Every structure is written in structure tokens, then in C-alpha cells.
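Residues per chain, in single letters:
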Amino acid sequence: WGSCESFGVNSTDPNFQCGHLDVPMDYHDSSAGTARLAVIKYAATVPKKQGTIFFNPGGPGGSGIEAITLYGQILSQGLRGAFDLVTWDPRGVGHTFPGEVYCFNNTEQDAGFWKNTVVNYINETISERFDKQDLKELYSQDDPTERKFKDLTERCQNSPAGPYLKYLGTSSSIRDLVSLGDAIVGKGEPIDYWGVSYGTVLGFNFVNMFPERAGHVILDAVVDPTIWISYKANFDAAMMLHYSLIDTEKTYSGLTDGCAAAGRAGCKLIEFTGDNASGDDVKALLNYAHDVIELYRDGYEVPVAPGFLKRSLFNLLYLPMTWSENVNGFIYQFVALVLQASQAHNVTIHGGHKYNIPSGNITIDQSVLSSPNLTSYTGQAIAGADDFNDGSTTIRDIFDIIVKNTREITPTCNYTSYGWPVRSVERLPPFSPKQLRHPVLVIGNTADPITPFASAQKTANMLGDNAFLLEQLGFGHSTVAQASSCTLSVVKNYFANSTLPQGRSAQCPVDNTNLFPALNGTTTVARRSNLRRWW
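Residues numbered from 1 in each chain as written. Predicted model: local features only at pLDDT ≥ 70, side-chain atom pairs only at ≥ 80, totals over all residues. Heavy atoms only, no water.

- Under the annotation held in an unreviewed UniProt entry, the chain carries the name Alpha/beta-hydrolase and is attributed to Thelephora ganbajun.

## A word on the overall build of the chain
Part 1 of the argument: Scanning the chain from terminus to terminus reveals 19 helices and nine strands.
Part 2 of the argument: Residues classed as buried in the chain amount to 57% of the 535 residues present.
Part 3 of the argument: In the form shown here, the chain has an accessible surface area of approximately 22100 Å², with 48% of it arising from carbon and sulfur atoms. (Helix = DSSP H or I, 4+ residues; strand = E, 2+ residues; numbered from the N terminus. Buried < 20%, exposed > 50% of the residue type's maximum accessible area, 1.4 Å probe, protein only. Areas by Shrake-Rupley, 256 points an atom, 1.4 Å probe, with all protein chains shown as cover.)

## Some thoughts on the pattern of salt bridges
Part 1 of the argument: Within this structure, the stated rule accounts for 13 salt bridges.
Part 2 of the argument: Between Asp-142 and Arg-396 there is a salt bridge, with its nearest N and O atoms 3.2 Å apart. One end of the pair, Asp-142, is in helix H5 (residues 142–157); the other, Arg-396, is in helix H16 (residues 395–408), with 254 residues separating them in the sequence.
Part 3 of the argument: Accessibility expressed as a relative area gives 39% for Arg-396, which makes it partly exposed. (Salt bridge = Lys/Arg side-chain N within 4 Å of Asp/Glu carboxyl O.)

## Some remarks on the pairing of strand E9 (residues 505–509)
Part 1 of the argument: Two strands pair when backbone bridges link them, and strand E8 (residues 467–475) and E9 are joined in this way by five bridges, in the parallel orientation. Its bridge partner lying in E9, Gln-472 is registered against Cys-508.
Part 2 of the argument: The parallel pair E8 and E9 is bridged by helix H18 (residues 485–497), and the resulting crossover is left-handed. (Pairing = 2+ DSSP bridges. Right-handed = clockwise from strand over helix to strand, strands pointing away.)

## Brief notes about the state of the cysteines
Part 1 of the argument: Scanning the entire structure with this criterion turns up four disulfides.
Part 2 of the argument: Shown here is the disulfide that connects Cys-103 with Cys-156, its sulfur atoms set 2.0 Å apart. Residues Cys-103 and Cys-156 share a disulfide whose torsion about the S-S bond is about 105 degrees; that sign makes it right-handed. Separated by 53 residues along the polypeptide, Cys-103 in the loop between strand E4 (83–89) and helix H2 (107–113) and Cys-156 in helix H5 bring together distant segments of the chain. (Disulfide = S-S within 2.5 Å.)

## Here's the deal with the packing of helix H10 (residues 248–266) against helix H14 (residues 323–344)
Part 1 of the argument: Two elements in contact, H10 and H14, have axes whose closest approach is 11 Å; the angle formed by their N-to-C orientations is 70 degrees. By the angle between their directions, the pair H10 and H14 is classed as roughly perpendicular. For the pair H10 and H14, the crossing hand works out as right-handed. The residues of H14 that touch H10, namely those facing Thr-251, Gly-254, Leu-255 and Gly-266, are Trp-323, Ser-324, Val-327 and Asn-328. (Axes fitted to C-alpha atoms, helices over the stretch in contact; angles between N-to-C directions. Parallel < 35°, antiparallel > 145°, perpendicular 65-115°, else oblique. Left-handed = near helix turned anticlockwise from the far one by under 90°. Contact = heavy atoms within 4.5 Å.)

## Description of the environment of Lys-187
Part 1 of the argument: If you trace the backbone, Lys-187 turns up in the loop between helix H6 (170–184) and strand E5 (191–197).
Part 2 of the argument: C-alpha of Lys-187 to C-alpha of Arg-213: the two residues are 26 residues apart in sequence and 9.4 Å apart in space.

## Section: the confidence of the model for the chain
Note: predicted coordinates in regions of low pLDDT should not be interpreted at a detailed level.
Part 1 of the argument: When pLDDT is averaged across the chain, the result is 87; 87% of the residues are at 70 or more.
Part 2 of the argument: Across residues 522–535, confidence stays below pLDDT 50; counting only partners more than four residues off in sequence or on other chains, it has 35 contacts. (pLDDT = per-residue confidence, 0-100.)

## Here we look at the packing of helix H13 (residues 308–316) against H14
Part 1 of the argument: Running from N to C, H13 and H14 point in directions that differ by 175 degrees, and their axes come no closer than 11 Å. In this view, H13 runs roughly antiparallel relative to H14, as classed from their interaxial angle. Across from Phe-308, Leu-309, Ser-312, Leu-313 and Leu-316 in H13, the residues of H14 making contact are Trp-323, Asn-326, Val-327, Phe-330, Ile-331 and Phe-334.
Part 2 of the argument: Taken together, the residues that form the contact of H13 with H14 break down as nine nonpolar, two polar and no charged. (Nonpolar A, V, L, I, M, F, W, Y, C, P; charged D, E, K, R; others polar.)

## Some words on the packing of aromatic side chains
Part 1 of the argument: Counted according to the given criterion, the structure contains 17 aromatic pairs.
Part 2 of the argument: Seen in terms of ring centroids, Phe-113 and Trp-114 are 4.9 Å apart; in terms of plane orientation they differ by 85 degrees. Their pairing is edge-to-face. There is no split in this pair, since Phe-113 and Trp-114 are both buried.
Part 3 of the argument: Note on Trp-323 and Phe-475: the rings are 5.8 Å apart at their centroids and 45 degrees apart in plane angle, and the pair reads as tilted. (Phe/Tyr/Trp six-rings, centres within 6.5 Å; stacked < 30°, edge-to-face > 60°.)

## Description of the sheet that holds E5
Part 1 of the argument: Ordered in space as E1-E2-E4-E3-E5-E6-E7-E8-E9, the nine strands form an open sheet in which the pairing is mixed. Either end of the sheet is taken by a strand with one partner, and the two such strands are strand E1 (16–24) and E9. Averaged over neighbouring strand pairs, the angle between their axes works out to 25 degrees when direction is ignored.
Part 2 of the argument: As paired elements, strand E7 (residues 440–447) and E8 share seven bridges and run parallel to each other. Within E8, the residue paired with Asn-445 across the bridge is Gln-472.
Part 3 of the argument: Sheet strands in contact with helix H1 (residues 64–78) are E1, strand E2 (34–42), strand E3 (51–56) and E4, and its direction is about 165 degrees off that of E4.

## Examining H5
Part 1 of the argument: Taking 1.5 Å of rise per residue, the 16 residues of H5 would be expected to cover 22 Å, and the 23 Å separating its terminal C-alpha atoms lies within 8% of that figure.
Part 2 of the argument: Of the positions making up H5, those classed as buried are Asp-142, Thr-145, Phe-149, Leu-152, Thr-153 and Cys-156. Buried residues along H5 cover an arc of 90 degrees about the axis, so they all sit on one side. Projecting away from the buried face of H5 at angles above 90 degrees are the exposed residues Arg-147 and Lys-150. (Expected span 1.5 Å × (residues − 1). Arc of directions from axis to C-beta.)

## Notes on the nonpolar core
Part 1 of the argument: Ranked by internal contacts, the top residues of the largest apolar core, which has 67 residues, are Leu-152, Phe-206 and Val-442.
Part 2 of the argument: In this structure Phe-206 touches Ile-174, Leu-177, Val-178, Ile-191, Pro-211, Arg-213, Ala-214 and Val-217, once residues within four positions along its chain are discounted.
Part 3 of the argument: In this structure, Leu-245, Tyr-288, Leu-317 and Phe-334 belong to the second largest nonpolar core, which totals 41 residues. (Core = buried A, V, L, I, M, F, W, Y, C linked by side-chain atoms within 4.5 Å.)

## A few points about the environment of Gly-58
Part 1 of the argument: Counting through the fold element by element, Gly-58 comes out in the loop between E3 and H1.
Part 2 of the argument: Along the sequence, Gly-58 and Gly-195 sit 137 residues apart, while their C-alpha atoms lie 7.0 Å from each other.

## As for the side chain of Thr-200
Part 1 of the argument: Here Thr-200 is to be found in helix H7 (residues 198–209).
Part 2 of the argument: There is a polar contact of 2.6 Å between the side chain of Thr-200 and the backbone oxygen of Ser-197.
Part 3 of the argument: Setting aside residues no more than four positions away along its own chain, Thr-200 makes contact with Gly-195, Leu-219, Asp-220, Ala-221, Val-222 and Val-223. (Polar contact = N/O pair within 3.5 Å; in protein donor to acceptor, adjacent residues only side chain to side chain.)

## Re H13
Part 1 of the argument: Where burial is concerned, most of H13 is hidden: seven out of the nine residues are buried.
Part 2 of the argument: Residues of H13 that are buried: Phe-308, Leu-309, Lys-310, Ser-312, Leu-313, Phe-314 and Leu-316.

Okay, here's the thing in C-alpha cells:
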């Protein structure tokens, strides 16, 4: 362990320590060479530590170094400083070799690749329906879209990352976790692990592949393991969206209902709808703003892409503690700008809604309109490496699922994965029940926009007596989405004392259900301070 400066960690906190671990590129073929994992630790702060917890923040493609740099101190405080917290950049991520999968040479090529394509159309413009014109435009582009995805994957294969794509699968990351355990806690010793989102895929398959090494394991915000184990990247990426998004609208209703309940005192959008607005009224306002900006894409210069509002709202659903700050900040600014433009150009949208038009000069906070960065395709590479597809799925099949998702589940339906050609050198094995040292603690939120509670229930049922199911009664993605001293107590007792509540399941309320407090003249809500109150 040494300095973290080479990883870009600019912290004076001495508890951050970094290093590398060299591991086989292919655990079954020594001739393939060596991978180098970038590893970071937030060291225990008490004289006598209780152990080491390995952490994966999700993805696929999430950086452990970034995650622990942001939250290591807070997580450590929550666990009373009793554990070393260790994480790493998985293969294809950040400072690890093999590194990020970049398929374009510059941001201009990258940003322009999907321009004026049906993929851009799906991701930018669909609001709450596919009308006849939408469907005609979509299905007329099946052949060009298939060719576009083929072009993309060829670019990725011919990029500097190309020779290493077959070494990026989940199985390799699981073996890397075991190698880290060997190096840090000792060969053959139990490995304590906390995985979030895609990190639950890694954790579930870790206990399946290495049950003898599993110590205390938390699966937090659970991805449906049955889909991933038999993953078919072409078909199941779209089907995974179908099942992953079943609680998106429930979470979105939490945001809009909370805004409406707060009124003008806590949610500035009510200035536009008028008092006594319902959550559905707030949704109608946001849909109206989206539809206006979509019309503008063809006839007027607009400050943002049509899908900006949709993507921004979906991203907000992950962290309810930021709803007040952002809805009363750039979302308010965006809607105000659109309403002014709609009046100036006499734009008429279905529904005939009448909104209060703001006066004055409206500008959008430029910090939310960041310039495009080079896209990493590591997530697609890892998912594609795990693929079990038989090659029979067509892009038209994918379109069918996207239309079904948008009409029946949620209008939030982004899709940019099809036809990934490179498979991992090692595939995930089928699941079979194992005997474990401790029950796996499986946690899900009541309303999670991307990993529904049903996935946590299914995982707990698969694990049987080897699982304890905890439902956090709140919104957002994972247990850190809202503070719950109850959840924290369960987590602490599990890691520290190997104890869980009686029975096979429990529920934990969140500490604060008021997500749109009175503004009192300011819209600033400190993101980290909310976490500090929890941990």
C-alpha cells in the first residue's frame, strides 16, 4: 500500500491507501499474460480492526476508486471505523489494465456516430407513447440500425482495447476478487463483500462459484440473477430493461407526488401549474416541456438535446436526497425556458394544458450542460462477454421490446446495445444451491428505478435458507439513496457480529420522508451531508 496520487485521488486523508495487484489475464491460460488491478483501501480507524470488506459499486463499468474516494470516509464512519474498506477498478475500468473500452479516436467522432439515427431517436424523443408516425420511423430503420451496430462493434474490436475484450467478463472479475482476498486477508480465508447494483451480479455468482470463500455478503439493489446467468446480450439486454424498469414509474410518482405535496413552498414547479396541483399534474407539465422541446428540434435552435429532460429526470430517480436541489434548480430553469419559448412561438401541444408563463430572463445552469466526454463501452463489453446468445435475435425483435416497454412499463427506455461479438474466455456457470457460512443479506428498496424489489425477492428465494431479505421502505437506487438508521443497524450488526433480525425477512423505514422541504430562500441541498446524517 502506498500513495493514491497516481490514481488521481487528491486527498490528504491518510486512510486512503492504494496499490496494484497483478493477476492472470486468463486464469486458465498463463500464456495470455498479466492484468494489473488498481486497488484502493480506506483503512480502519480503530486500533483493533474487525476485518476487511470488499466493495463493488456497480456498473458494469463502475470505478471502485471513484466510489470509495467519494464515500469511503462516510462508509467507514457508519461501520465505526472497524473495517478496512477495499475496492478496485475492475477490468476495463479506470486505472486498471486492461483499461477503458474506447471505440472512437475523439469526442467529435463519438458524439456524431449516433446522430440522425433511430438509436438517437429512441433515446432522445420518445415521451409517453409510440404513435403511428413513431412506429413507422422506428421500423423503417431496422436494416440501417443493424449495420450501425455492426460498425460500432468493429470499431471496438479494432481499437486498442480490442485484444483484451475477451478477458472482461464477470467470471474473470470474480476470480480477481478471490485473488484480492488471497493477497489481503489470506489464502483460503473468508471474503466479506458488499455489492451494489451490477455488483450484486458479481456477488451472487461469487457465492455460486466460490461458496467456500464467501464470508458476510451483502447484495444491495439486486439485478435479477436469472437473466444474467443465461444472458443473451441482444435479446436479454432489452428484456432486462423490461424487468428492471417495473418500479421506475413508482419512483417517478414519488418525485412528482412529493413536489405536489410540498406546494410552492418546497417545489417551484407549482409556480407553473398553479396551487392544488396533483402529482399527475406535475407529470403532465414535465411531459409538456419534453414534447415542446422535441418539436423544436426540427424548427428552432434549442439549448439542449430533446432527451435532456427525460434523461435528467431518470438520473434523479436514483438519489431522492437530490430531488429538491435539482428539481428546484436546473429542472425548474429548463421548464421555465420551454414555457417562455412555447408562448413566443405559439406552440400548441396535445392536452390543451394552460401553464403560468414565467417572466424575466431565464438561463440554464451551465454546470449541468457539460461538454461530451469520450464514451466508454466497457459496460457493453462486459455484458457482451457474458452473453449466451444463439445469434437468432434481430434488431426488429429489440424494437418490439422497446415499444412494449415504453407503452406498458415506462417511457424511460434507453437502448444502445446489440450484436456484441466477443465472448469471455470463461462463462458463468449455472446456479446450484450451496451451503454458506452466513446467510447472504439481500436488500432492496420499495421503489427503485432500475433494480426493482421483485429482483431482491427472487434472489432471496433462490438462495433459500442462505438468504435474509431486507426491504428498505423508500425510493431510489440502493440503501444509500435515503438515510435509514434501521438499515444501517442491520448492516453494522451483520458485519460486526454475524447477527440478523429474527426470521427470514424484515422491513426498515427511512429516517426522513420529506424530500421537498421548505426552501427558505435557497435551493441548495448538500448531497454529502445527507449521507453523513445516515452513516
